[in-house]
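Observations on the three-dimensional arrangement
Okay, here's what each chain looks like letter by letter:
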Amino acid sequence: MNFRAQHLLSVRELSSDSIEEIFAVAEKMRPYANRQKVTRVLEGAVLGNMFFEPSTRTRVSFGCAFNLLGGEVRETTGLSNSALAKGESLYDTAQVLSGYSDVIVMRHPQSHSVEEFSLGSRIPVINGGDGPNEHPTQALLDLFTIKNELARLGQSIDQLSLTLLGDLKHGRTVHSLCHLLSLYSGLKIQLVAPEALSLPSSYVDLLVNAGHQVEIGSNLEKGLSQANIIYQTRIQEERFASAEEANQYKGYFRLNKQIYSDHCLPNAVIMHPLPRDSRNNANELDNDLNKEPGLAIFRQTDNGVLVRMALFACILGVENQLSKHERNVNWHVGLRK
Ligand code: NCD
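Residues numbered from 1 in each chain as written. Predicted model: local features only at pLDDT ≥ 70, side-chain atom pairs only at ≥ 80, totals over all residues. Heavy atoms only, no water.

**A few points about the pairing of strand S4 (residues 103-108)**
Of all the six residues making up S4, six are buried; the element is thus mostly covered by neighbouring parts of the structure. Every second residue of S4 is oriented toward a common face, with Val 103, Val 105 and Arg 107 on one face and Ile 104, Met 106 and His 108 on the other, all of them buried. Note that strand S2 (residues 46-51) and S4 share five bridges and pair parallel. Residue pairing across strands places Met 50 opposite Met 106, the latter belonging to S4. Inspection of the sheet shows S4 paired to strand S5 (residues 125-130) by four bridges, in the parallel sense. When the bridges of S5 are listed, Ile 104 appears paired with Val 125. Once the chain exits S4 it traverses helix H5 (residues 113-119) before rejoining the sheet at S5, and the crossover so formed is right-handed. (Buried < 20%, exposed > 50% of the residue type's maximum accessible area, 1.4 Å probe, protein only. Helix = DSSP H or I, 4+ residues; strand = E, 2+ residues; numbered from the N terminus. Pairing = 2+ DSSP bridges. Right-handed = clockwise from strand over helix to strand, strands pointing away.)

**Structural notes on empty space enclosed by the protein**
Tallied over the entire structure, the rule returns one cavity of 30 Å³ or more. Taken as a whole, the largest cavity encloses approximately 70 Å³ of empty space. If you trace the largest cavity, you find it lined by Gly 166, Gln 232, Thr 233, Ile 235, Tyr 249, Lys 250, Gly 251, Tyr 252, Phe 253, Ala 282 and Glu 284. When the residues that make up the lining of the largest cavity are grouped by side-chain class, the tally is five nonpolar, four polar and two charged. (1 Å grid on protein atoms, 1.4 Å probe; cavity = no way out; pocket = protein on both sides within 12 Å on 5 of 7 lines; lining within 4 Å. Points joined across faces, edges and corners; volume = space filled by probe spheres on them. Nonpolar A, V, L, I, M, F, W, Y, C, P; charged D, E, K, R; others polar.)

**Describing the sheet that holds strand S9 (residues 229-232)**
Pairing within the open sheet is parallel, and its five strands lie in the order S8-S7-S6-S9-S10. On the outer flanks of this sheet lie strand S8 (213-217) and strand S10 (269-271), each paired with one strand and no other. Taken pair by pair, the neighbouring strands of this sheet meet at an average axis angle of 15 degrees, ignoring direction. The pairing of S9 with S10 spans three bridges and is parallel. (Axes fitted to C-alpha atoms, helices over the stretch in contact; angles between N-to-C directions.)

Everything listed here is a matter of coordinates, which is why it stays silent on function.
Given below as C-alpha cells:
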C-alpha cells in the first residue's frame with residue numbers, strides 16, 4: 001500500500017513492506033515526540049478528529065501527533081452532539097466535514113461505519129475503531145511495540161511467543177493484530193479466554209493458515225508460562241447485551257505481581273491496549289506491577305504517538321520534509337527520556 005492520499009480503514013490493506021515503511025518513519029519522529037525538536041511540516045493543515053465512542057488515548061494521541069507535526073486539530077465527540085443524532089447519513093456528514101479538514105480520524109460504535117463514512121469523504125479517512133470490527137492504528141502501534149520490546153530483550157519477531165489474554169471475542173485490537181500477525185509465519189501464539197469469549201474461528205484460522213503454532217485454553221497460569229509477550233485485554237462490556245452478562249467475566253483473569261513472578265518467563269513483557277479495568281470487581285492488571293520493567297503499557301501509549309505521526313506524514317506526503325521544517329525547542333526539556 002502506498003499511503004499517500006489514501007484512507008486507512010482496515011489492516012487488511014497493509015503489506016509487510018508498507019508496515020516497515022511506517023515503522024521507519026515512526027522512528028524518525030522520536031525527537032519531535034520527545035520534545036527535543038519541533039517540526040512545522042503540517043503548518044496550516046487541519047485534522048478532523050471525530051470520536052463517536054468513548055476514548056482517551058486514541059483521540060488525544062491522534063490530536064497530539066497532528067499538533068506535533070505543526071497541524072491544527074478540530075474535535076467532534078459524542079454522537080448526541082452531532083447531526084448524526086438528527087438522522088443525517090454518514091455519507092452526508094462525510095461530504096460536509098471533508099470540506100473543512102485535510103484528513104479525518106473517525107471512531108464509531110458500528111462495524112464498517114468508518115468505511116461507509118469514507119465513501120462520502122473527499123479527503124483521507126483513518127479508522128480509529130469501528131465497533132468490534134477493527135482498530136488498525138492500535139494494531140500497528142502494538143506490532144511496533146512488540147518489535148521494539150523484543151529488540152530491547154535482544155530478540156527478534158521470529159522468536160515471538162505471544163499470549164493474547166481476555167475478551168478475545170469482542171476485542172477489536174486483537175482482531176486487527178491477528179491480521180498483522182498473519183503476515184508472519186512460524187510464531188507461537190497462545191489464546192487464553194473464558195470459553196464464551198474465545199477468539200472467533202475466522203481469526204484462529206487466519207493464524208493457523210499463516211503457519212503459526214496456536215494453542216487455545218482458558219487457564220491463566222498455563223497460558224502465561226511460555227510467553228515472551230503477554231497482551232492482556234479488557235472485558236469489552238459495551239459489546240455485551242447486558243451489564244450482568246459482562247460482569248460474569250470481570251475479574252476472570254487478574255494478572256498481578258505474584259502470578260507474574262511465579263508463572264511468567266523472566267523479563268516477560270506485559271502489554272495492554274488500555275484502558276485497564278482497575279475497578280475492584282475486575283482489577284485485570286494490578287497496580288502492583290507498575291514498577292516492573294516488563295510492564296510496557298506506557299511505552300505502548302508513547303509509541304502510539306510515533307506511529308500516528310508517521311501515518312499522518314505518509315498520508316499527507318510530507319515524510320521526507322520533516323527536517324526541512326525543523327528547529328530546536330525554545331524551552332527547557334524536562335524530565336522526558
Ligand atoms: C481499545 C479500544 O478502544 O478498542 N482502546 C484503545 O483504543 N486503546 C481497547 C479497549 O477499549 O479495551
